[in-house]
Amino acid sequence: IVDPDGPGGKPLKLFESGAILFYLAEKTGRFLAKTGADRYLCLQWLMFQMGGVGPMFGQFGHFNNYSTSKLPYAIERYQNEVRRLHGVLDKRLAEAEYLAGSEYSIADMATFPWLRNPARRNIDFNDYPNVKRWFATVEARPAVQRGCAVLAERARQGEMTDAEREIMFGKTQFARR
């Protein structure tokens, strides 16, 4: 993002979703406790998404849904990790309404998109009842519904073309820009 009104009134460019969410929460004073244990629980679950959910779900998605050569070892490895991470989330959400406690936070914002479309990860939310409850609660939020509507409007239609596959997974992705 580029915030034209960053610190000191100067533009600030940021990348990485976790850093962006943290910055916006600090700037607006919303979705992250200012002090105390709730603040650190939120940051812990934000880091859990950044270091676990995103990378592992992404690897499973790549090997299971996009790779042109199916590698059973990779698919099984990441499928098991996806299930384990769902279990960690389910255990946490048995203790609290949201990831950081009783309030919706940037940790929920970062994690929710990764849990959409569970069938693509061979996941049945009925096996994770606390995740299922949390997901429905977050999904019902008006701002989340507006965001999902934007995604639906721009949803990919059909299979990936060879040119698109090259950009996403071929040598083009590594080209210096």
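Details of the structure are given in the entry above.
So, here's what we can say about the structure.

Description of the packing of helix 1 (residues 17–28) against helix 4 (residues 106–115)
At a minimum axis distance of 10 Å, the contact between helix 1 and helix 4 shows a crossing angle of 150°. Between helix 1 and helix 4, the interaxial angle falls into the category roughly antiparallel. The element helix 1 and its partner helix 4 pack so that their crossing is right-handed. Mapping the contact onto sequence places Leu21, Phe22 and Ala25 in helix 1 and Ile106, Met109 and Ala110 in helix 4. A breakdown of the residues in the contact of helix 1 with helix 4 according to their chemical character gives 6 nonpolar, no polar and no charged.

Here's the deal with the nonpolar core
Within the largest apolar cluster, 38 residues are counted, with the highest numbers of intra-cluster contacts made by Leu89, Leu99, Phe112, Leu115, Val131, Trp134 and Val138. Of all the elements in the fold, those that place two or more residues in this core are helix 1, helix 2 (36–66), helix 3 (72–95), helix 4, helix 5 (129–139) and helix 6 (142–153). For this core, the leading source of residues is helix 2, giving 10 residues. Excluding residues within four positions of it along the chain, leucine 89 makes contact with Trp45, Phe48, Val53, Leu99, Thr111, Leu115 and Val131.

So, unusual backbone geometry
A positive phi angle, close to 80°, is found at glutamate 16, a residue other than glycine. Along the chain, the position of glutamate 16 falls in the loop between strand 2 (12–13) and helix 1. Here glutamate 16 falls in the partly exposed class, since its relative accessible area comes to 49%. Positive phi is not limited to glycine here, since asparagine 117 has a value of about 55°. Structurally, asparagine 117 is set in the loop between helix 4 and helix 5.

What to know about the packing of helix 2 against helix 3
Between helix 2 and helix 3, the shortest axis-to-axis distance is 8 Å and the interhelical angle comes to 150°. Compared by their axis directions, helix 2 and helix 3 come out roughly antiparallel. Note that helix 2 runs across helix 3; the crossing there is left-handed. Of helix 3, the residues touching helix 2 (which contributes Leu41, Trp45, Phe48, Gly52, Val53, Met56, Phe57, Gln59, Phe60, Phe63 and Asn64) are Ala74, Ile75, Tyr78, Gln79, Glu81, Val82, Leu85, His86, Val88, Leu89 and Arg92. Here the residues of the contact of helix 2 with helix 3 sort into 15 nonpolar, 5 polar and 2 charged.

So, the environment of leucine 21
Residue position: leucine 21 is located in helix 1. When the C-alpha positions of leucine 21 and leucine 32 are compared, they lie 9.4 Å apart, and in sequence the two are 11 residues distant. Sequence-distant contacts of leucine 21, defined by excluding residues within four places in its chain, comprise Leu46, Ile106, Met109 and Ala110.

Notes on the packing of aromatic side chains
Counted under the stated rule, the structure contains 8 aromatic pairs. Through pairs of rings, three or more aromatic residues link up here, namely Phe112, Phe125, Trp134 and Phe135. If you follow arginine 77 out to its NZ or CZ, it ends over the ring of tyrosine 78, 5.4 Å from the centre. The positively charged end of arginine 141 is found above the aromatic ring belonging to tyrosine 104, 3.7 Å away from the centroid.

Details of the environment of tyrosine 128
With respect to the helices and strands, the residue tyrosine 128 is situated in the loop between helix 4 and helix 5. Sequence separation between tyrosine 128 and glycine 6 is 122 residues, and the spatial gap between their C-alpha atoms is 40 Å. For tyrosine 128, the residues in contact, after removing those within four places along its chain, are Arg83, His86, Gly87, Asp90 and Ile123.

What counts and what doesn't
- Residues numbered from 1 in each chain as written.
- Predicted model: local features only at pLDDT ≥ 70, side-chain atom pairs only at ≥ 80, totals over all residues.
- Heavy atoms only, no water.
- Axes fitted to C-alpha atoms, helices over the stretch in contact; angles between N-to-C directions.
- Helix = DSSP H or I, 4+ residues; strand = E, 2+ residues; numbered from the N terminus.
- Parallel < 35°, antiparallel > 145°, perpendicular 65-115°, else oblique.
- Left-handed = near helix turned anticlockwise from the far one by under 90°.
- Contact = heavy atoms within 4.5 Å.
- Nonpolar A, V, L, I, M, F, W, Y, C, P; charged D, E, K, R; others polar.
- Core = buried A, V, L, I, M, F, W, Y, C linked by side-chain atoms within 4.5 Å.
- Buried < 20%, exposed > 50% of the residue type's maximum accessible area, 1.4 Å probe, protein only.
- Phe/Tyr/Trp six-rings, centres within 6.5 Å; stacked < 30°, edge-to-face > 60°.
- Lys NZ or Arg CZ within 6 Å of the ring centre and 35° of its normal.

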